[in-house]
Amino acid sequence: MFFPGWSVWCLLLTVCVSACSLEISGYDSHEVICSQGLSDCTMKDEMPLNVAENDVDVKNLTPYFKLCCEDRAPCTLCLVIDTELSIYADKDVEDEGHSGLDEEDYREDMRNPKASVTLCYDTAPTIPSCKKVEFTVNHTALTQQNQAKLSIMITKPAGVTFSSHVTVYSSKLPHLSREVVVPSLHEVCSQELQERVEECHAPRLRSIINKEMNWVELQSADSNKSLPSVCIQYEHNGTCQGWNRTAIPLYSVTPCMCFQVWDEDDQRPRRSRSCPFINTDFLQRNVWQNVSVSVNQGQMNNYLSMLGWNLSAPCRLEGEVWPCYKESTCKEMKGFRQQLTNDKWRQNRKGQWEIRGVFEDINLQLSPCVMVKVKGMEHDLGPFCFNNTDRWRWSLLVVVVMLLVCLTVLLFYLLHDFVKKWVWSWHHGRFEIGRRCHVVLLSPPDVDDGVSESVCRLGSLLCNQGFSVCVDQWSRKEQCALGPLLWLHSQLLEVNSQGGRVVLVLSRKALERAEELTHRLKEVIKTNGEEKGLCLPQRVSPYSDVFMAALCKIQVEKQLGRAAECFLLVKFDSNPRSDRSLPELLQGLLLFQLPSQSQALLTELTVGGTGTGSRRRTWTGWKWSAPQRWRANTKEGPDQHKTLHCKYVGIEKNLETRPLKHP
């Protein structure tokens, strides 16, 4: 039966009800509870959309969920639907009751008619499920005329899980519906009976305060397992920050500290939360010691002066804040007290709880400060005053300038030699400070001890001046390993890539060898022709080959007009002077007398040996001729052969060496 405006009334009753937490109760033997006036209440399953003729109207629905727990058994999810019914007596029955017939003829079923109500529930992905409740109505026993109440409880409703959205409605009036949200598993598992819920099987944490070590030890409640994943949060609604250590410093532990624990190995990890330090009053001082207050001054939009304050602490606090001005003590400025309330606290990115406030229309000429009274503390905190940072900024600027000056002086002292070289290079019109020229210092192996010592001193001098120096007397082992020709070839490649010169030390015997080589070349050219001349010494010693190979290379470069670009000659003043001129092979090369011309030699190596532009040479086209093969006195091994193709004036000859690893 519908009344005017009933459809509007149904729409107003269609609201969404969300459960914040679950009620915990024991199992009830009665699945249906009926109010006075209803009897013989029974419940059974019913097909959806199947409305019985004797179904009564539903006035209101109140669905909610709770945990049904039995002793020593897991708790299950139950759906409870409280229903208000509108029951109207049939007019035919009422007329028949007043017709004056004998009471014996009044049928029992007319006095207490049978009625029913069908209630359904469904979730989005499942088919609706319905329950039909049948009962007997005693109109005379109803507490309110034509109204009654009943409550049904459905254990383990089909298709319903934690966090589900469930719609409950009457099969007769489907427009009259209510939506209820099942609490999430996280909310359920944070309640006191979480161990009774099968879905809440999460690891537990045990915390032990060790005052001797001044820390809190974290252990798994299950002694057979290692420490699970843990995060720390301050207050129940605080941000949970990850923690991967088994100990927490005691000074950072506060009464509002809570732990969330879970197992990363679970596919659907469950978290358990505990706050074990709530009743530890001795840890409250850790909160008080970490309270910080900052003060700032400014002007509001209505041009009134203001004093702002910002208080932060690990936990939310209760108390008062007020401004004061300094005399002998900080006297309170009346009428400005503000309360510290929990609803105004906010957590920042560092995990600290903050609360802000403003004292409006305050006299800033008194340089006001802020005092704080925290509930539980014996003394007040403060005063906290506004600091003028202008003078501090100027002081910081002066300190920074002084540090820069000191740093500049120190760098100039440490780089004094570098600056001198830079000035010298700039004065000579070349900027080559960053280059490390490669110098190869060669001398005949059969020189006397005096010349050998002079060569070593010259090599040390060049090293001290920043050159990359290779002295043949210091590389005997490499020459044995590579062979004299390949060793000289590798050094010439360094000269080509880095720039530099090959310096030949002239002694009396060196001049004799140069003359001998010049004479020999003339005889070979006279006999075989210039294009078939040979240019390799007939020596047995591997050391002498390097010097003689260098002389032969000079002959090749002279043919190309480039000998002066890569070779220099030095002669020591201590040697007996020779009046004869240089051999024809060495003529045209720069000659320096040492030590009198040491500076001139360094200048030539620095400026003239950088090898830029047209001075770049590629030492890949060896041009030699050889009457025999040269081998280093080393052991042969597989894959250690290298063949050097040598040619001089059209004649090719393979020189085979077998190098070993450097010693």
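Fair warning: this is a prediction, and the values are worked out from it, not measured in the lab. (Residues numbered from 1 in each chain as written. Predicted model: local features only at pLDDT ≥ 70, side-chain atom pairs only at ≥ 80, totals over all residues. Heavy atoms only, no water.)

Engineer: Can you lay out the packing of aromatic side chains for me, pointing to particular residues and giving the numbers?
Structural biologist: Any pair of aromatic rings gets described here by the distance separating the centres and the angle formed by the planes. Under the criterion given, the structure shown has three aromatic pairs. Judged by centre distance (6.0 Å) and plane angle (70 degrees), the ring pair of F259 and F277 falls under edge-to-face. Of the two residues, F259 is situated in strand β17 (residues 257-262) and F277 in the loop between β18 (272-274) and α5 (284-289); the sequence distance between them amounts to 18 residues. For the pair formed by F259 and F277, the shared burial category is buried. Measuring from centroid to centroid gives 6.3 Å for F336 and F359, while their planes differ by 85 degrees, and the two rings are edge-to-face. (Phe/Tyr/Trp six-rings, centres within 6.5 Å; stacked < 30°, edge-to-face > 60°. Helix = DSSP H or I, 4+ residues; strand = E, 2+ residues; numbered from the N terminus. Buried < 20%, exposed > 50% of the residue type's maximum accessible area, 1.4 Å probe, protein only.)

Engineer: Residues and numbers for the environment of C34, please.
Structural biologist: Mapped onto the secondary structure, C34 falls in strand β3 (residues 32-34). Taking relative accessible area as the criterion, C34 reaches 23% and is therefore assigned partly exposed. Separated by 48 residues in sequence, C34 and D82 place their C-alpha atoms 10.0 Å apart. In contact with C34, not counting residues within four places along its chain, are C41, K149 and L150. (Contact = heavy atoms within 4.5 Å.)

Engineer: With reference to specific residues and values, describe the sheet that holds strand β31 (residues 567-572).
Structural biologist: Read across the sheet, five strands follow the order β29-β28-β30-β31-β32 without closing on themselves; strand pairing throughout is parallel. With one partner strand each, in any of the chains shown, β29 (468-471) and β32 (591-594) form the two edges of the open sheet. Along the sheet, successive strands turn relative to each other by an average axial angle of 25 degrees, direction set aside. The pairing of β31 with β32 spans four bridges and is parallel. Paired with F572 across the strands is L594, a residue of β32. (Pairing = 2+ DSSP bridges. Axes fitted to C-alpha atoms, helices over the stretch in contact; angles between N-to-C directions.)

Engineer: Quick one: what's the story with a nonpolar patch on the surface, residue by residue and with numbers?
Structural biologist: Nonpolar side chains collect at one region of the surface, where L407, L410, L411, Y413, L414 and L415 lie side by side and expose about 640 Å² of accessible area between them. Looking at the secondary structure, you find L407 in helix α6 (residues 390-414). (Patch = residues over 30% accessible without salt bridge, like charges linked within 9 Å, V, L, I, M, F, W, Y side chains within 5 Å. Areas by Shrake-Rupley, 256 points an atom, 1.4 Å probe, with all protein chains shown as cover. Salt bridge = Lys/Arg side-chain N within 4 Å of Asp/Glu carboxyl O.)

Engineer: Could you give an account of the environment of N138, naming the residues involved and the relevant values?
Structural biologist: When you line up the elements, N138 lands in the loop between β8 (129-137) and β9 (147-155). Separated by 101 residues in sequence, N138 and G37 place their C-alpha atoms 4.9 Å apart. A distance of 2.7 Å separates a polar atom in the side chain of N138 from a polar atom in the side chain of T140. (Polar contact = N/O pair within 3.5 Å; in protein donor to acceptor, adjacent residues only side chain to side chain.)

Engineer: Give a detailed account of the pairing of β8, specifying residues and quantitative values.
Structural biologist: Most of β8 sits inside the fold, with seven of its nine residues counted as buried. Two elements, strand β4 (residues 38-46) and β8, share seven bridges in a ladder whose sense is antiparallel. Each residue of the ladder has a partner; that of D45, found in β8, is K131. As paired strands, strand β7 (residues 114-122) and β8 are joined by eight bridges and run antiparallel to one another. Within β8, the residue paired with T118 across the bridge is K132.

Function-wise, these values are silent; they only describe arrangement.
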